[in-house]
Amino acid sequence: MIVALGVDHAAFPYKQPLAQDIEALGHRVVDCGTQNTASVDYPTIAFAVAHAVRDGQADVGIFLCGTGIGGCIAANKVRGIRAALCHEAFTARMSREHNDANMLCIGARVVGLSLASEIVRTWLTTPFSGDERHARRVRMLAEAEALLESQPS
Ligand code: RB5
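In this text the structure is predicted, and so the values were computed from the model without any measurement.

**With respect to the packing of helix α1 (residues 12-24) against helix α5 (residues 113-125)**
Helix-helix packing is described using two parameters, namely the angle between the two axes and the distance between the axes.
Next up, step 1: One can describe the packing of α1 onto α5 by two numbers: an axis separation of 10 Å at closest approach and a directional angle of 35 degrees. Handedness of the α1/α5 crossing: right-handed. Together, Tyr14, Pro17, Leu18, Asp21 and Ile22 of α1 and Leu113, Ala116, Ser117, Val120 and Leu124 of α5 make up the contact between the two elements.
Next up, step 2: The residue makeup of the contact of α1 with α5, split by class, is 8 nonpolar, 1 polar and 1 charged.

**Side note on the nonpolar core**
A general feature of soluble globular proteins is that nonpolar side chains tend to end up buried together.
Next up, step 1: Of all hydrophobic cores here, the largest spans 25 residues; its most connected members are Ile62 and Leu64.
Next up, step 2: For this core, the secondary-structure elements that each account for two or more residues are β1 (2-7), α1, β3 (60-65), β5 (103-107) and α5.
Next up, step 3: With 5 residues, the single largest contributor to this core is α5.
Next up, step 4: Ile45, Val49, Ala75 and Ile81 belong to the second largest nonpolar core, which has 19 residues in total.

**So, the state of the cysteines**
Next up, step 1: Considering all chains together, one arrives at 0 disulfides under this definition.
Next up, step 2: Of all cysteine sulfurs in the structure, the one in cysteine 105 sits closest to cysteine 32, which takes part in no disulfide; the separation is 12 Å.
Next up, step 3: Residue cysteine 32 is classed as buried on the basis of its relative accessible area of 15%.
Next up, step 4: There is no disulfide at cysteine 105, and the cysteine sulfur nearest it, in cysteine 72, is 4.2 Å away.

**Quick look at the site of the ligand**
Next up, step 1: Around the ligand lies a shell formed by Asp8, His9, Ala10, Tyr42, Cys65, Gly66, Thr67, Gly70 and Arg109.
Next up, step 2: In this structure, glycine 66 approaches the ligand through a main-chain N or O atom, which is 2.6 Å from an oxygen atom.
Next up, step 3: Glycine 70 is positioned such that a nitrogen or oxygen atom in its backbone is 2.8 Å from an oxygen atom of the ligand.
Next up, step 4: Coverage of the ligand by the protein amounts to 72% of the 290 Å² it exposes when considered alone.
Next up, step 5: Counted by class, the shell around the ligand contains 3 nonpolar, 4 polar and 2 charged residues.

**Overview of the side chain of histidine 27**
Next up, step 1: With respect to the helices and strands, histidine 27 occurs in the loop between α1 and β2 (28-31).
Next up, step 2: Residue histidine 27 is classed as buried on the basis of its relative accessible area of 15%.
Next up, step 3: Side-chain polar atoms of histidine 27 contact the backbone nitrogen of methionine 1, separated by 3.2 Å.
Next up, step 4: Setting aside anything within four residues of it in sequence, one finds histidine 27 in contact with Met1, Val3, Ile22 and Leu124.

Calculation criteria
- Residues numbered from 1 in each chain as written.
- Predicted model: local features only at pLDDT ≥ 70, side-chain atom pairs only at ≥ 80, totals over all residues.
- Heavy atoms only, no water.
- Axes fitted to C-alpha atoms, helices over the stretch in contact; angles between N-to-C directions.
- Helix = DSSP H or I, 4+ residues; strand = E, 2+ residues; numbered from the N terminus.
- Left-handed = near helix turned anticlockwise from the far one by under 90°.
- Contact = heavy atoms within 4.5 Å.
- Nonpolar A, V, L, I, M, F, W, Y, C, P; charged D, E, K, R; others polar.
- Core = buried A, V, L, I, M, F, W, Y, C linked by side-chain atoms within 4.5 Å.
- Buried < 20%, exposed > 50% of the residue type's maximum accessible area, 1.4 Å probe, protein only.
- Disulfide = S-S within 2.5 Å.
- Near = heavy atom within 4 Å.
- Polar contact = N/O pair within 3.5 Å; in protein donor to acceptor, adjacent residues only side chain to side chain.
- Areas by Shrake-Rupley, 256 points an atom, 1.4 Å probe, with all protein chains shown as cover.

Dropping the structure here:
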């Protein structure tokens, strides 16, 4: 798979180690920034990751900021993105099995690097269950998105 990976300044120290984890699993990383610890607006990076997934330049996206919250909010405003904020392996696994999440968000000020690495590995190695009830619910999310977009603002 191609994995779009982005971090803001708060999570910059996590980027390279996680990129190595992702590559060790046999995936290719698309680096969506940031490139240093200078302050950056998290939506800029989260949108870069989400747009890479939306536009087909990556199969899935991973984003980290201080809490993961801002990036998750931003990413879920992009059509077709199902971003999940996960701070342990259980929700990471469920976000794939039940929600078919195509973007993972983590807070680097919430979890240590080794747990972040476990979350990323769990998330990337867990497939969508394919179960009809979960597929129906994911379709409902897409339908709601399409309905919103069809309404005059
Ligand atoms: C940056 O200070 C911080 O706000 C950001 O990393 C993130 O936690 C936002 O949700």
